[in-house]
Amino acid sequence: MRRGRTMRVLVDRLRQGSWGRSPDEVVVEEPLEIRLDGHLVATTMRTPGNDYELAVGFCAGDGLLAGAAVTGVRYCGEGPAAEFEYNVVTVETGGEAPVPAPRLGNVSAACGICGSTTITDMAARLGPLSGTRRFDVGTVGAVVAAVPASQEMFGRTGGLHAAATFDAEGRIDVLREDIGRHNAVDKVIGRRLLDGRDDAGAMALFVSGRASFEMVQKAWAAGIGTLIAVSAPSSLAIEAARAAAITLAGFARGDELNVYCGHLESRRAQPLEAPATAGLNS
């Protein structure tokens with residue numbers, strides 16, 4: 001049977017010097033084996049849910065599709081899907097995508113791509129982005145403030161990261177949660193790819209953790225020209241953002257942030273009442 005995204009456990013709680021026993025809700029973490037046209041790509045640790053989006057986003061962000069169109073996504077295995085707990089997914093291109101070299105070992109929820117490609121390789125394959133939308137700091141601040149209210153599972157467990165795309169008016173396009181920062185981004189990008197969206201240059205990407213090299217790579221591959229992170233970027237993330245012509249901001253909290261690469265507009269913006277949340281639960 002398909003597993004839920006959270007589970008209930010009994011915990012011992014220490015409150016004001018006294019112990020008590022009560023239930024708690026924790027996030028589920030399980031492996032997902034990703035395949036491309038039936039060929040093993042990698043195994044990643046993730047929160048179950050939106051698995052098709054995760055698999056497609058992973059393949060797209062890692063450059064494995066090589067321009068091939070996704071013709072289908074399905075759970076697979078040698079028996080009924082339930083026997084595999086829906087933990088094996090294949091992305092199908094009809095054999096148009098190159099046969100991938102499998103990633104050895106598990107991709108953890110924290111490590112992402114782990115340096116499997118270089119900035120030089122990406123620059124040669126993707127080229128710097130051009131014609132992407134510039135964003136206003138007021139709009140960015142409003143979105144950063146609005147995202148937590150849309151993190152339904154984080155509110156219940158406190159154990160998930162979020163990623164979201166939003167437009168220049170502060171409307172949240174797609175928001176996804178996962179125990180892994182990179183998985184949340186893959187789910188967002190995979191959803192947009194499956195929907196056939198072609199407006200990436202008009203969108204910005206928000207991530208609830210730090211901005212690593214892999215986060216910039218995923219935004220670059222998706223054609224998103226602005227990346228906003230709640231925490232710090234790494235030095236390699238800044239180098240990659242410069243090569244990609246991506247605006248990279250970190251420590252985005254309240255009305256404060258640091259811009260490490262690129263530019264944000266500084267005109268004064270009115271607070272947003274409630275950004276649209278289309279795609280939050282699809």
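Heads up: the structure comes first, above all this text.
Report on the accompanying structure. This is a predicted model, so every value here is computed, not measured. (Residues numbered from 1 in each chain as written. Predicted model: local features only at pLDDT ≥ 70, side-chain atom pairs only at ≥ 80, totals over all residues. Heavy atoms only, no water.)

## Structural notes on the overall build of the chain
Part 1: For the chain, the count of helices and strands is seven helices and 13 strands.
Part 2: When the 282 residues of the chain are sorted by exposure, 48% land in the buried category.
Part 3: For the chain, the share of sequence-separated contacts (at least 6 apart) that also reach a separation of at least 24 residues comes to 56%. (Helix = DSSP H or I, 4+ residues; strand = E, 2+ residues; numbered from the N terminus. Buried < 20%, exposed > 50% of the residue type's maximum accessible area, 1.4 Å probe, protein only. Contact = heavy atoms within 4.5 Å.)

## As for the side chain of Arg181
Part 1: Here Arg181 is to be found in helix α5 (residues 181-194).
Part 2: Buried charge without a salt bridge: Arg181, with Glu214 as the nearest opposite-charge side chain at an N-O distance of 5.8 Å.
Part 3: Within the structure, Arg181 has its side chain in polar contact with the backbone oxygen of Arg210 (distance 3.2 Å). (Lys, Arg positive; Asp, Glu negative; His and termini not counted. Salt bridge = Lys/Arg side-chain N within 4 Å of Asp/Glu carboxyl O. Polar contact = N/O pair within 3.5 Å; in protein donor to acceptor, adjacent residues only side chain to side chain.)

## Regarding the packing of α5 against helix α6 (residues 213-222)
Part 1: At a minimum axis distance of 10 Å, the contact between α5 and α6 shows a crossing angle of 5 degrees. By the angle between their directions, the pair α5 and α6 is classed as roughly parallel. Residues Arg181, His182, Val185, Asp186 and Ile189 of α5 pack against Glu214, Met215, Lys218 and Ala222 of α6.
Part 2: Among the residues forming the contact of α5 with α6, the class breakdown is four nonpolar, one polar and four charged. (Axes fitted to C-alpha atoms, helices over the stretch in contact; angles between N-to-C directions. Parallel < 35°, antiparallel > 145°, perpendicular 65-115°, else oblique. Nonpolar A, V, L, I, M, F, W, Y, C, P; charged D, E, K, R; others polar.)

## Looking at the pairing of strand β1 (residues 6-15)
Consecutive side chains along a regular strand alternate between the two faces of the sheet.
Part 1: Here β1 pairs with strand β2 (residues 18-27) via ten bridges, running antiparallel. Of the residues in β2, the one forming a bridge with Val9 is Asp24.
Part 2: Where β1 folds back onto β2 in an antiparallel hairpin, the turn is made up of two residues, including Gln16, whose phi is positive at roughly 55 degrees. (Pairing = 2+ DSSP bridges.)

## As for the nonpolar core
Part 1: Formed by 29 residues in total, the largest nonpolar core has its most connected members in Val185, Leu205, Val207, Val216, Leu227, Ile246 and Leu248.
Part 2: Broken down by secondary-structure element, the contributors of at least two residues to this core are α2 (119-126), α5, β10 (204-207), α6, β11 (226-229) and α7 (235-244).
Part 3: The residues contacting Leu227, other than those within four sequence positions of it, are Leu205, Val207, Ala211, Met215, Val216, Ile246, Thr247, Leu248 and Ala249.
Part 4: Grouped together as the second largest cluster of nonpolar side chains are 19 residues, Leu36, Phe58, Ala60 and Ala97 included. (Core = buried A, V, L, I, M, F, W, Y, C linked by side-chain atoms within 4.5 Å.)

These figures come from the coordinates and say nothing about function on their own.
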